[in-house]
Amino acid sequence: MKTDLTDTTSSKINKALVLGRRAIGTPAVGMVLTLVIVTDEENAYDALKAANEASREHPSRTLVVIKRVSRSPRDRAKARLDAEVRLGADASTGETVVLRLYGEVVDHAQSVVLPLLLPDAPVVVWWPVNAPTDPANDPLGALAQRRVTDTYAAEQPIQELTARADAYTPGDTDLSWTRITPWRSMLAAALDQVVCEVTSASVEGEEFNPSVELLAMWLADQLKVPVRRSASAGPGLTSVRMETSCGPIVLDRPDGSLATLSIHGQPDRAVALKRRETAELIAEELRRLDPDDTYASALRFGLERLDEEAATTAPEVVDAPVEETVVVEEAVEVTETAATAERPAKKAPAKRPAKKATAK
């Protein structure tokens, strides 16, 4: 069931929701939370599709806030709110309200959203793109218990991670962190199978992927060892290698779906480690609404500290010139020895016969 409202208000939208529920025969509200999606027109369809799939696990009222850009000064001065109310089969297991804001109302989106929130239910705000630098201080983010961003969609993902660390507030999270949950679980399970001390680690993945940096910071923060990063063709994360006192532990995923876990002294095992869709990531984030302390600890570890500690390793780079010098010196000694051996030996001067002493 769809209801289009043009130049409307929050009060009329609430009335349309009540009438719609009665029309489809479900007057009771069975939603467990309110999911607010702040996006643009280009990404609204994909974000709403992911939210509808996630609502099968978490029935929620989904409010899609689309801030329309006005082209002329006259349009920017005129405030208008259009809404599309979806119920029943058109909204999966929850309720969906698509809000399109025009003119001056764009700067007051929280005033439109606040009357539409479910009473006594948690609020989650998700920015698929163009997330604010400080989500907790954003007018819409201030209404929520959890604030979900995605640094992978940022123009400069690595720099965005640093900004997230500086502005972190309990309740913030990142889908780039959610993407590495299976990796973290697999690596933790691998370490539980051996009694060894990890000495160093390395993470390999596609360039400018914040998940690579987050996984490296998590390993460095939890294991207290230097962690190196290297670029690959992808997709996403491709390999993690941990050097231990019992031998290396390698988790390799070259194709983005099937990974191989190699532990020294044990046979290799194939594990399912496919790249997940956005709907699965959002569903995972909605399972827990309390602050993610592990994410906060890894994020605050810092990229600069990660680079400094990684730079202290790699003895092969430091010792290589010394080894070459030794080889050269040994080669010189061998050459000199060979030259000495080939050089003909000088004949020793013949001893003159001793003169007999004159008899007295």
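I will try to describe carefully the structure that is included in this document. All figures in this text were calculated on a predicted structure; none of them were measured in a lab.

1. Notes on the packing of helix 7 (residues 181-192) against helix 8 (residues 210-223)
Here comes step 1: At a minimum axis distance of 11 Å, the contact between helix 7 and helix 8 shows a crossing angle of 35 degrees. Between helix 7 and helix 8 the crossing geometry is right-handed. For the pair helix 7 and helix 8, the contacting residues are Trp183, Arg184, Leu187 and Leu191 in the first and Leu215, Trp218, Leu219 and Leu223 in the second.

2. Some details on the sheet that holds strand 2 (residues 33-39)
Here comes step 1: Strand order in this open sheet of eight strands is 1-4-5-3-2-6-7-8, and the pairing throughout is mixed. Looking along the sheet, the strands with just one partner apiece sit at the ends: strand 1 (2-5) and strand 8 (172-174). Along the sheet, successive strands turn relative to each other by an average axial angle of 15 degrees, direction set aside.
Here comes step 2: Relative to strand 7 (residues 146-149), strand 6 (residues 123-126) runs parallel, the two being bridged by three bridges. The residue of strand 7 that forms the bridge with Trp126 is Val148.
Here comes step 3: Along the sheet, helix 1 (residues 10-24) contacts strand 1, strand 3 (60-67), strand 4 (80-86) and strand 5 (95-102); its crossing angle with strand 4, the most-contacted strand, is approximately 10 degrees.

3. With respect to the packing of helix 2 (residues 41-54) against helix 9 (residues 278-287)
Here comes step 1: With their axes 8 Å apart at the nearest point, helix 2 and helix 9 run at an angle of 55 degrees to one another. Overall, the two elements helix 2 and helix 9 adopt an arrangement that is oblique. Seen from above, helix 2 lies across helix 9 with right-handed handedness. On helix 9, the residues touching Ala50, Glu53 and Ala54 of helix 2 are Thr278, Ala279, Ile282 and Ala283.
Here comes step 2: Looking at the contact of helix 2 with helix 9 residue by residue, the classes come out as five nonpolar, one polar and one charged.

4. A look at the nonpolar core
Here comes step 1: Ranked by size, the top nonpolar core spans 40 residues in total, and within it Val203, Leu215, Leu219 and Val227 carry the most contacts.
Here comes step 2: The dominant element in this core, judged by the number of residues it contributes, is helix 8, at eight residues.
Here comes step 3: Judged by nonpolar contacts, the second largest core, of 27 residues, contains Ile13, Leu99, Val112 and Val125.

5. Some points on the pattern of salt bridges
Here comes step 1: Within this structure, the stated rule accounts for 17 salt bridges.
Here comes step 2: Glu57 serves as the salt-bridge partner of Arg287, at 2.7 Å between the closest nitrogen and oxygen. Of the two residues, Arg287 sits in helix 9 while Glu57 sits in the loop between helix 2 and strand 3, which places them 230 residues apart along the sequence.
Here comes step 3: Here Glu243 makes a salt bridge to Arg241, at a shortest N to O gap of 2.6 Å.

6. Examining helix 8
Here comes step 1: With 14 residues, helix 8 should reach 20 Å at 1.5 Å per residue; the first-to-last C-alpha distance of 20 Å fits that figure.
Here comes step 2: Where helix 8 begins, one side-chain oxygen reaches toward the backbone nitrogen of Ser211, 3.0 Å away; that side chain belongs to Asn209.
Here comes step 3: Count one or two residues on from helix 8 and you reach Lys224, which has phi positive near 60 degrees.

7. Some remarks on the pairing of strand 13 (residues 258-263)
Consecutive side chains of a regular strand alternate in pointing toward one face of the sheet and then the other.
Here comes step 1: Taking every second residue as pointing to the same face, the buried face of strand 13 carries Ala259, Leu261 and Ile263, while none of Leu258, Thr260 and Ser262 on the other face is buried.
Here comes step 2: Alignment of strand 12 (residues 249-252) against strand 13, held across four bridges, turns out to be antiparallel. Paired with Val250 across the strands is Ser262, a residue of strand 13.
Here comes step 3: Remark: five residues form the turn of the hairpin made by strand 12 and strand 13, two consecutive strands paired antiparallel; Gly256 in that turn has positive phi of roughly 80 degrees.
Here comes step 4: Linkage of strand 13 to strand 14 (residues 269-272), two consecutive antiparallel strands, is achieved through a turn of five residues, within which Gly265 is found at a positive phi near 90 degrees.

Cut-offs used in this document
Residues numbered from 1 in each chain as written. Predicted model: local features only at pLDDT ≥ 70, side-chain atom pairs only at ≥ 80, totals over all residues. Heavy atoms only, no water. Axes fitted to C-alpha atoms, helices over the stretch in contact; angles between N-to-C directions. Helix = DSSP H or I, 4+ residues; strand = E, 2+ residues; numbered from the N terminus. Left-handed = near helix turned anticlockwise from the far one by under 90°. Contact = heavy atoms within 4.5 Å. Pairing = 2+ DSSP bridges. Parallel < 35°, antiparallel > 145°, perpendicular 65-115°, else oblique. Nonpolar A, V, L, I, M, F, W, Y, C, P; charged D, E, K, R; others polar. Core = buried A, V, L, I, M, F, W, Y, C linked by side-chain atoms within 4.5 Å. Buried < 20%, exposed > 50% of the residue type's maximum accessible area, 1.4 Å probe, protein only. Salt bridge = Lys/Arg side-chain N within 4 Å of Asp/Glu carboxyl O. Expected span 1.5 Å × (residues − 1). Polar contact = N/O pair within 3.5 Å; in protein donor to acceptor, adjacent residues only side chain to side chain.

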